[in-house]
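What follows is the residue order along each chain.
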Amino acid sequence: MSSESIAEYEVAYAKPKAFYERYERKEELQHATHYCPGCGHGTVHKMLARAIDDLGIKDRTILVGPVGCSVFTYYYFDVGNVQAAHGRASAVATAMKRSHPGSVVVSYQGDGDLSAIGSAEILHAANRGENITVIFVNNAVYSMTGGQAAPTTLIGQKTTTTPDGRNPLNEGYPLRVSELLATLEAPVYIERVGLGDNKQVAHADRAIRRAMENQVRGLGFSLIEVLSPCPTIWKMKPVDAQRWVREEMEKTFPLGVYRDRTKDATPRPMPKTAPALEALPGILGIDGDEDLAEDAVCATDAAIDLRVRVAGFGGQGVLLLGEVLAEAGLDAGLEVSWLPSYGPEMRSGTSNCHVRLAHEPIDSPLVTAPNVLIAMNEPSLRKFDANVQPGGWVIYNGEEFPPDCARQDVHVLARPFTQIADALGDARAANMVMLGALLEMTPGLPQASIDAALRRLVKNPKWVELDECALTRGRELAREVLQEVLQEV
Amino acid sequence: MNAERQDRGLLRVNEEECKGCGLCVEACPPKAIAMGERMNHYGYRTAMYKGSGCTACGICFLVCPEPGAITVLRTVKRMVAALQTETGVAACASN
């Protein structure tokens, strides 16, 4: 008999439950991560997984993965997973947290991701004090892409893009993210930890847990920067890379707590929950008796296949013209599409829109060959005139149609619509005079639908009155021309 | 006497998961882990427990980058075993 024979063991440290049993990234190698031997990511993953286990939050954790070596976090963590575009993880995490306030959202990012392309996102997420946890893994290079210099690359450090070593005169100085973010008011907890030796590793484990706890308690923004070895790109043995973290990286990136307001912080109020789906029509003001398009019965038997291009300067009412037309079609139970197309300048730039109305479902909202072109100025005419379908109409805002634009195979209505509208009361109603002309040329839309559309889109009763007047005037002008056309035939 | 003394812990290395980085060997305070000579299926020399000395501190587990390559066990019922030995009560569990 000996004590050995009855010795029993319990598991003290084992693979955290927050990891999947197997990683289905590939057919093979499902038992191991894709990380290189000695990679810091694996160690940080384990710390994060332990924190998730210990806090019992696996079922409400959302992990936002970055671009970089740790892009595959969703293969490893058995939690809710989102993979963000390069650098955007903290912005995506913001959305996740705000739309799921009860969840625990972690933005896991590397230094290329967070401190270069994502520097704006992290700065503003921190400045807003989002109640998220950011794990920032800093290894001083872009590793996944083969070792280019990052904002965090040390002075003198050789990378593929700084073959003679980083020169501050050329590439600037290493960006100290923790210090930078600690200048902001909102963050609750910012600490830089390392994976340089046992003591550092044990401390990093505790720091990550604290950062997660802060979020569970609703305190606000926490960021843990982890100085992490990359033996492959640094071309070192794992143990040497660990030492390099401790002896070299730490000089530039001193470890320590840069912000800790966890004691004074009070839980942030939960954001308002998103409205229920059923409440949306009310919020958007489209509830009540108004029929939605799918319920509407088509109110016209006329064959309608309108492909309209409306073009002019921004501010001429180009988009509204198209919108009224589309909205009227919608009201009449037709299939419609309205596609605005304008430059970044809202006024004085060019502006145009594509409108389609048809009985059949619309395949594409683009109108490359319109059967009606409404050109509110000469440049717009010149731009789109050649594309009008033969037999189609050009409605042009001008006294004279430029002779060099004339085509034998299209009908033209050229009038000084701006002056006509001015005579009616306001030059800005030119768009509605032109729309009136279009409606007269392409009959089929019930007047009731047009009235309803106008009232829906134009709120000011004075303008509704003027616009109705303008539409009538446009119809009159079109009738004159239509008679001429009929006489010609 | 040494044979009777129980270690506080025990270490298991999953040889299929270990990538042989050696961080655990470096980290282990009582130096109870060594690199094995044998290569695993994927061509990595893997870490191995020397068989004694583990204190179940868990630092090897924490530094190891692979989620499940290392499992650390902690001895329990050591007190019971000692007590039973002292009082001459026969071991209740026989292997």
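Our structure's up above, just so we're on the same page.
Residues numbered from 1 in each chain as written. Chains lettered and ligands numbered in written order. Predicted model: local features only at pLDDT ≥ 70, side-chain atom pairs only at ≥ 80, totals over all residues. Heavy atoms only, no water.

1. Here we look at the sheet that holds strand β4 (residues 70-76) of chain B
Phase 1: Spatial ordering of the open sheet is given by β1(A)-β4(B)-β1(B), a layout of 3 strands whose pairing is antiparallel. The sheet is open, and its two borders are formed by β1 (8-13) of chain A together with β1 (9-13) of chain B, each paired with just one other strand. With direction set aside, neighbouring strand axes in the sheet form an average angle of 35 degrees.
Phase 2: Pairing of β1 of chain B with β4 of chain B involves 5 bridges; the strand directions are antiparallel. (Pairing = 2+ DSSP bridges. Helix = DSSP H or I, 4+ residues; strand = E, 2+ residues; numbered from the N terminus. Axes fitted to C-alpha atoms, helices over the stretch in contact; angles between N-to-C directions.)

2. Quick notes on the pattern of salt bridges
Residues and elements named next belong to chain A.
Phase 1: One pass over the full model with this rule turns up 30 salt bridges over all chains.
Phase 2: With a shortest N-O distance of 3.0 Å, Asp-426 and Arg-428 are connected by a salt bridge.
Phase 3: With a relative accessible area of 55%, Arg-428 lands in the exposed category.
Phase 4: Linked by salt bridges that have partners in common, Arg-50, Asp-54, Asp-205 and Arg-209 make up one network. (Salt bridge = Lys/Arg side-chain N within 4 Å of Asp/Glu carboxyl O. Buried < 20%, exposed > 50% of the residue type's maximum accessible area, 1.4 Å probe, protein only.)

3. Comments concerning the environment of Arg-307 of chain A
Residues and elements named next belong to chain A.
Phase 1: Within the element layout of this structure, Arg-307 appears in strand β11 (residues 305-313).
Phase 2: Arg-307 sits in the partly exposed class, given a relative accessible area of 26%.
Phase 3: When the C-alpha positions of Arg-307 and Leu-373 are compared, they lie 8.6 Å apart, and in sequence the two are 66 residues distant.
Phase 4: At a separation of 3.5 Å, a polar atom in the side chain of Arg-307 contacts the side chain of Asp-305. (Polar contact = N/O pair within 3.5 Å; in protein donor to acceptor, adjacent residues only side chain to side chain.)

4. Remarks on helix α10 (residues 238-252) of chain A
Phase 1: Helix length check: α10 of chain A, at 15 residues, gives a terminal C-alpha distance of 21 Å against a target of 21 Å (1.5 Å per residue), a fit within 8%.
Phase 2: Along α10 of chain A, the helix axis deviates most sharply at Val-245 of chain A, where the bend reaches about 35 degrees.
Phase 3: For α10 of chain A, the set of buried residues is Pro-238, Val-239, Ala-241, Gln-242, Trp-244, Val-245, Met-249 and Thr-252 of chain A.
Phase 4: Buried residues belonging to α10 of chain A abut β5 (133-138), α8 (198-216), β9 (222-227) and α9 (231-234) of chain A together with α1 (23-27) of chain B. (Expected span 1.5 Å × (residues − 1). Bend = angle between axes of the 7 residues up to and from the residue. Contact = heavy atoms within 4.5 Å.)

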